[in-house]
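Tertiary structure, described
Listed here are the chains, written in short residue letters.
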Amino acid sequence: MLEIEHLVTGYGGVPVLHDVSLKLGAGELVGLLGANNAGKTTLINNLSGIFTPMSGRILFEGQDVTRLTARQRVELGIVQVPEGRMVFPEMSVRENLLLGGINQRAKPHRAQQMEHVLELFPRLRERLGQKAGTLSGGEQQMLAIGRALMAEARLLMLDEPSLGLSPLFVQYIFGIIDRLHKEGLTILLVEQNLNLTLRHAQRCYVLERGRIAVEGSSDVVKNDPRTRSAYLGL
Amino acid sequence: MTEFMQALAQGVLIGSTYGLLALGMGLVYGVSGVVNFSHGDFISLGMFMCLGLYSALALDPYVSAVITVPVMTAIGAVVYWYLIRPMVGHQFLMVVQLTLGLSLVLQNGILMVFGGQPARTPSMVESKLLILGDVVVRVPHVIAFVVSFALAIGLYVMLRSTDFGRSIRAVHQNANAAALMGIDVRWVQTLTFALGIGLLAIAAALLLPGTPIQPAQGLRYTVITLLVVVLGGMTNFVGIMLGGLIIGISEAFGTIYLSDTLGMLLPYGIFVLIMLFRPQGLTWSSSR
Ligand SMILES: Nc1ncnc2c1ncn2[C@@H]1O[C@H](COP(=O)(O)OP(=O)(O)O)[C@@H](O)[C@H]1O
Ligand SMILES: [Mg+2]
């Protein structure tokens, strides 16, 4: 479904990612691990079209999307739940969800999709009229995921969804991720939380200072000594 | 007492149009961080276009608006896309420079076409008066008030309950997140700027009847608009309309109770006073 080939990208001409290649099959739940500053968010923002790579290619269902705008990629179904959730704080939960479904592909079914999201997150239904900025961190994460589902994501990319959440909420959010995966959604899960991700993902990539250090099934990655050293920066 | 009521009425009526002017500037600032120092010169442009249409076709300014609004909206879109957009994200002062330059271009362009003589554009309602008890108000002012408030309410509803309005607010609150929703941020910024300039064309027609115009007046409108926007807290809808009323009222009181030149200074005095006590502007919480 997604193929990244020899991606080099960075900021102001200084590369942050060096020759990153990665593959995601349809319906897979793949983890992208890495310590702080490894380049995970940079990669995901290149996939979303917020930044364009210096070289390399991104293929989505065989189509070259490397030079497409962020908007065109959302229209294709490449949707991101950003790090730090980035809900629109001064807007109600309902407005946030409506904005999630603002792309041309999703817009015609916004009402049904909203019902679907509210079934998934009953908590959001109770808070529909409340400003997103007044929600707790866990509720904001629900909203951020709900908003991405409103966009009718076909490839859902989550950037550190566990960040700053209480263990109980982390469990809940990962339960939701599992459920979405079972329903057939293709998911790229970006995390720092090693053990948690290894438990939920089928395959993982470990990013170390802008390079893929380890890749393979979660068991393989778990037992590879390079995984731990990538984390400790040894 | 009559004089007082008179000044108050006039101030409220004109102030609503100042509020409308400032809403445009506030929206643009909200979505792209651009403060347009040629704002007042676009008002001039709108007014002189009305004058031109009067000379050529004997059109009333209110009728001319049907032509000037779409034309100015289009000009706004072109100016943003080709001149301002490439500067956004660079140093703030570069955009200031650019819009100041634009101000000079507009001002001198108008001077070249229309000459420097003060001019008037007659309107059929120009000298009509409305008498409410002791207070006598000019009909053009009443029209300006009604239209300005209707447009302000329309804008408010648009921002609250349409996808375009929500896109504007989304870009204001978090442009990166808006882009991730598939919103074309640059396009929203361009349309908002165009909308702001289109509003100026309406405001120009509203302010025109009975007002002598000259090419160098733009700066005065820019400054008044800036006062209102800053008073209102830059992006707060209600605050900006309130700021418009305050500046309009202080201007009216200044010209009625004080000498002409001193009176023109009153709004600035009031502005400084308010900012001393409420540097964050008039409003208590953001409504966007
Ligand atoms: N907008 C930016 N401008 C310049 N450098 C950046 C920017 N964002 C991230 N970086 C740098 O790129 C590197 C990777 O950052 P990031 O992708 O955020 O890592 P991660 O998400 O894995 O923590 C870091 O060294 C960071 O300082
Ligand atoms: Mg990150």
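Scroll up a little and you will see the structure.
So, a few notes on the structure that sits alongside this text. (Residues numbered from 1 in each chain as written. Chains lettered and ligands numbered in written order. Predicted model: local features only at pLDDT ≥ 70, side-chain atom pairs only at ≥ 80, totals over all residues. Heavy atoms only, no water.)

1. Topic: the overall build of chain A
Put simply, the rule is: Strands here are runs of E lasting at least two residues and helices are runs of H or I lasting at least four, both read from the DSSP assignment and numbered beginning at the N terminus. Between the two quantities, the radius of gyration covers C-alpha atoms and the globule rule is 2.2 Å times the number of residues to the power 0.38. Exposure categories follow from relative accessible area, calculated using a 1.4 Å probe and restricted to protein chains: below 20% of the type maximum is buried, above 50% is exposed, and the middle band is partly exposed. What makes two residues a contact is simply this: any of their non-hydrogen atoms within 4.5 Å. Residue exposure ignores everything except the shown protein chains as possible cover, and the areas themselves are Shrake-Rupley values with a 1.4 Å probe. Residues scored as positive are Lys and Arg, those scored as negative are Asp and Glu, and His as well as the terminal groups of each chain are ignored. To locate a charge, take NZ of a lysine, CZ of an arginine, CG of an aspartate or CD of a glutamate.
Within chain A, the secondary structure is distributed over ten helices and ten strands. Over its C-alpha trace chain A gives a radius of gyration of 17 Å, about what one expects of a compact globule, namely 17 Å for 234 residues. Principal axes of the C-alpha set define a box for chain A whose edges measure 50 × 40 × 30 Å. Across the 234 residues in chain A, those meeting the buried criterion constitute 55%. At a minimum sequence separation of 6, the contacts of chain A that also span at least 24 residues come to 68%. Of the accessible surface of chain A, which amounts to about 9,600 Å², a share of 51% is contributed by carbon and sulfur atoms. Each charge class in chain A can be summarised by its mean position, and for the 26 positive and 24 negative side chains these summaries are 2 Å apart.

2. Quick word on the site of ligand 1
Residue and element names in this part refer to chain A. Here is the rule we go by: Any residue with a heavy atom positioned within 4 Å of a molecule or strand is treated as near that molecule or strand. Polar contacts here mean pairs of N or O atoms no more than 3.5 Å apart (in protein, one a potential hydrogen donor and the other a potential acceptor; neighbouring residues in sequence count only if both atoms are side-chain atoms). In this count, Pro and Cys sit with the nonpolar residues alongside Ala, Val, Leu, Ile, Met, Phe, Trp and Tyr, while Asp, Glu, Lys and Arg are called charged and the others, Gly among them, polar.
As a structural note, the neighbourhood of ligand 1 is formed by Tyr11, Val16, Ala35, Asn36, Asn37, Ala38, Gly39, Lys40, Thr41 and Thr42. Separating an oxygen atom of ligand 1 from a backbone N or O atom of Asn37 is a distance of 2.7 Å. One of the side-chain nitrogen or oxygen atoms of Thr41 is found 2.6 Å away from an oxygen atom of ligand 1. Expressed as a share of its isolated accessible area of 560 Å², the protein-covered part of ligand 1 is 61%. The greatest single-element share of the shell around ligand 1, amounting to three residues, is contributed by helix α1 (residues 40-48). A per-class count over the shell around ligand 1 returns four nonpolar, five polar and one charged.

3. Structural notes on the interface of chain B and chain A
It is common to give the size of an interface as the accessible area that goes away when the parts come together. Cut-off, in case you're wondering: Buried area: the accessible area, evaluated with a 1.4 Å probe, that two parts lose upon being put together, summed over both parts. Take a side-chain nitrogen of Lys or Arg and a carboxyl oxygen of Asp or Glu: if they are within 4 Å of each other, that pair is a salt bridge.
The interface is formed by 19 residues belonging to chain B together with 22 residues belonging to chain A. Together, the buried faces of chain B and chain A total about 1,800 Å²; carbon and sulfur atoms form 63% of this surface. By the criterion of area lost to chain A, the three top residues of chain B are Arg166, Leu180 and Met181 of chain B, representing 38% of everything that side buries. Counting across the interface, chain B meets chain A through three salt bridges. For Arg169 of chain B, the salt bridge is made with Glu95 of chain A, and the minimal N-O distance between the two is 2.8 Å. Broken down by secondary-structure element, the contributors of at least two residues to the side of chain B that touches chain A are α6 (163-173) and α7 (175-180) of chain B.

4. Examining the nonpolar core
Using the following cut-off: Residues grouped as a nonpolar core are buried Ala, Val, Leu, Ile, Met, Phe, Trp, Tyr and Cys residues, joined through side-chain atoms within 4.5 Å.
Counting 71 residues, the largest nonpolar core has Phe88 of chain A together with Leu21, Phe42, Met47 and Ile183 of chain B as the members making the most contacts within it. In terms of residue count, helix α8 (residues 185-207) of chain B provides more of this core than any other element does, eleven residues in total. Contact partners of Leu21 of chain B, with chain neighbours within four places excluded, come to His39, Ile43, Leu200, Ala203, Leu207, Tyr221 and Thr225 of chain B. In terms of nonpolar packing, the next biggest core, distinct from the first, is built from 47 residues, Val79, Leu97, Ala132 and Val206 of chain A among them.

5. Things to note about the sheet that holds strand β4 (residues 55-60) of chain A
Residues and elements named next belong to chain A. Selection rule: Strands are labelled as partners when DSSP assigns at least two bridges between them. As a rule, the C-alpha atoms of each element are fitted with a line to give its axis, helices using only the stretch in contact, and angles between N-to-C directions run from 0 to 180 degrees.
Here four strands make up an open sheet; going across it, the order is β2-β1-β4-β5 and the pairing antiparallel. Each having just a single partner strand, β2 (14-24) and β5 (63-64) make up the two edges of the open sheet. Here strand β1 (residues 2-11) pairs with β2 via seven bridges, running antiparallel. Pairing of Gly10 across the sheet is with Pro15, part of β2. Packed on one face of the sheet, α1 meets β1, β2 and β4 and runs near 115° to β1.

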